[in-house]
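Geometric and topological summary
Chain by chain, the residues:
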Amino acid sequence: MDIVVISGISGAGKSQVAAALEDLGFYCVDNMPLAMIPKFAELCFATQGRYERVALVTDIRAVKSADELFMTLDEIRELGCALKLLFIEAETETIVRRYKETRRRHPLDLSGRDLEKAVLREVELLAPIKIKADEVIDTTGLTLSKLQRRLNKLFQGDGEEQKALNVTVKSFGFKHGLPVEADILFDVRFMPNPFYIPELKPRTGLDNIVKDYVFGFSQSNDFLSKFSEMLDLLLPYFIEEGRRYFVVCLGCTGGRHRSPAMAEALTEFLSEKGYPVDCIHRDIDRD
């Protein structure tokens, strides 16, 4: 089991790091007391593989001393876990500005009167933890997409870049309304319609006889070729920008024939390219 312990300066972005790791398949727990972490790790082991990747966030409220954290980490290692300590920091001016923008109170500034002094005090207290961290990330001037890319490099294995993006291909019928979740949407009503062929009308785009009809025309094959080529170009760029989910929607009139057939073909293409992909036919059973 892999465990990542996220520590660092309050306001530096530990919660954003946890959210990004969650998208990479980690089970994340925020602000868990140190005394509970070894027991939690034991429970994860007992699930027999249900929690293979876990990220735990600690902050200055839980870490009373660096030695206390190090003892906890040693207990986790004794369980046989692969452990990484990730330290998140930012420049003092950046931390102060973030707290002022959010109007939150720093955990070491209970009076709310000396924010900068509290930040400097926390930096001093956590310095031993930073020294022993496996990775240190400075979020000063770091956009969310850049942070996600940094985490991808740390926690995605070689050759797994594409697996970071989960794609959903959805067919729908325009007469039943547009899907609001679409990241990219195409109208395939330019393709010949099986609805007007008596023996095909009661069938759906999942039937081979309908697929053969739809892809018996050059415009259907040309669209599939060009659209697949475009997605093959674009999806890696979306991954670089930190996207983890992408929804492709294809619509025809009723959502029963043309768009399901095209969605199935596109799903096959994306699967062959190595993307985790789901295919949903929203309106295939509607009149």
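Bear in mind the structure is a predicted one, so any value in this text is a computation, not a measurement.

Counting its secondary structure elements, the protein contains nine helices and nine strands. Relative to the globule expectation of 19 Å for 287 residues, the C-alpha radius of gyration of the protein, 25 Å, shows a markedly less compact shape. Taking the principal axes of the C-alpha coordinates as reference, the protein spans close to 75 × 40 × 30 Å. Of all 287 residues assigned to the protein, the portion counted as buried reaches 46%. Considering only intrachain contacts with a sequence separation of at least 6, the fraction spanning at least 24 residues in the protein is 78%. As displayed, the protein has an accessible area near 15,300 Å², and 49% of this comes from carbon and sulfur atoms. For the protein, the distance from the average site of its 38 positive side-chain charges to the average site of its 45 negative ones is 5 Å.

To continue, consider the sheet that holds strand β1 (residues 2–8). Each strand in a sheet pairs with its neighbour through backbone hydrogen bonds, running either in the same direction (parallel) or in the opposite one (antiparallel). Spatial strand order, β2-β3-β1-β4-β5: five strands in an open sheet with parallel pairing. Each having just a single partner strand, β2 (27–30) and β5 (135–138) make up the two edges of the open sheet. Mean inter-strand twist for the sheet, computed between neighbouring axes without regard to direction, equals 20°. The pairing of strand β4 (residues 82–89) with β5 spans four bridges and is parallel. By the bridge assignment for β5, Phe87 is matched with Val136. Relative to the sheet, helix α1 (residues 14–23) contacts β1, β2, β3 (53–57) and β4, its axis offset from that of β1 by approximately 160°. Sheet contacts for helix α6 (residues 144–155): β1, β3, β4 and β5; angle to β5, the most-contacted strand, approximately 170°.

A few words now on the environment of Leu231. Structurally, Leu231 can be placed in helix α8 (residues 218–240). Each residue touching Leu231, except ones within four places of it in the same chain, is listed here: Pro236, Phe246, Val248 and Leu266.

Taking 1.5 Å as the rise per residue, helix α9 (residues 258–272) with 15 residues should run 21 Å; its terminal C-alpha atoms sit 22 Å apart, in good agreement. Burial of α9 is extensive: 11 of the 15 residues sit out of reach of the surface. Burial in α9 covers these residues: Arg258, Ser259, Pro260, Ala261, Met262, Ala263, Ala265, Leu266, Thr267, Phe269 and Leu270. In the core, the buried residues of α9 are packed alongside β6 (166–173), α7 (208–214), α8, β8 (245–252) and β9 (277–281). In the segment just after α9, Gly274 is the residue with positive phi, at about 100°.

Right, let's get into the side chain of His257. Among the structural elements, His257 can be located in the loop between β8 and α9. Reaching out from His257, the side chain makes a polar contact with the backbone oxygen of Arg203 at a distance of 2.9 Å. Contacts of His257, omitting those with residues within four sequence positions, involve Asn193, Pro194, Phe195, Leu200, Lys201, Arg203, Thr204, Gly205, Val210 and Cys252.

Further remarks concern a negative patch on the surface. On the surface, Glu91, Glu93, Asp114, Glu116 and Asp138 cluster together into a negatively charged patch. Relative to the elements of secondary structure, Glu93 occurs in helix α4 (residues 92–102).

A separate point is the side chain of Thr168. Looking at where Thr168 falls in the secondary structure, it is placed in strand β6. Ignoring anything within four residues of it in the chain, the contact list for Thr168 reads Phe246, Val247, Val248, Asp278 and Ile280.

Two measures describe an aromatic ring pair: the distance that separates the ring centres and the angle between the ring planes. Per the stated rule, a full pass over the model turns up 11 aromatic pairs. Aromatic side chains Phe26 and Phe155 sit 5.7 Å apart centroid to centroid with 80° between the ring planes, which places their arrangement in the edge-to-face category. One end of the pair, Phe26, is in the loop between α1 and β2; the other, Phe155, is in helix α6, with 129 residues separating them in the sequence. For Phe155, a relative accessible area of 8% gives the class buried. On the numbers, 4.7 Å between centres and 55° between planes, the contact of Tyr27 with Tyr51 is tilted. Placement of Tyr27 in strand β2 and of Tyr51 in the loop between α2 (37–46) and β3 is noted, with a sequence separation of 24 residues between them. Among the aromatic residues, those joined into a ring-pair cluster are Phe186, Phe190, Phe223 and Phe227. Over the ring of Phe70 we find Lys132, and its NZ or CZ is 4.6 Å from the ring centre. Sitting above the plane of the Phe174 ring, Arg189 keeps its charged end 3.8 Å from the centroid.

Rules used in this analysis
Residues numbered from 1 in each chain as written. Predicted model: local features only at pLDDT ≥ 70, side-chain atom pairs only at ≥ 80, totals over all residues. Heavy atoms only, no water. Helix = DSSP H or I, 4+ residues; strand = E, 2+ residues; numbered from the N terminus. Rg over C-alpha atoms; globule rule 2.2 N^0.38 Å. Buried < 20%, exposed > 50% of the residue type's maximum accessible area, 1.4 Å probe, protein only. Contact = heavy atoms within 4.5 Å. Areas by Shrake-Rupley, 256 points an atom, 1.4 Å probe, with all protein chains shown as cover. Lys, Arg positive; Asp, Glu negative; His and termini not counted. Charge placed at Lys NZ, Arg CZ, Asp CG, Glu CD. Pairing = 2+ DSSP bridges. Axes fitted to C-alpha atoms, helices over the stretch in contact; angles between N-to-C directions. Expected span 1.5 Å × (residues − 1). Polar contact = N/O pair within 3.5 Å; in protein donor to acceptor, adjacent residues only side chain to side chain. Patch = residues over 30% accessible without salt bridge, like charges linked within 9 Å, V, L, I, M, F, W, Y side chains within 5 Å. Salt bridge = Lys/Arg side-chain N within 4 Å of Asp/Glu carboxyl O. Phe/Tyr/Trp six-rings, centres within 6.5 Å; stacked < 30°, edge-to-face > 60°. Lys NZ or Arg CZ within 6 Å of the ring centre and 35° of its normal.

Note that all results are geometric; they support no functional claim without further evidence.
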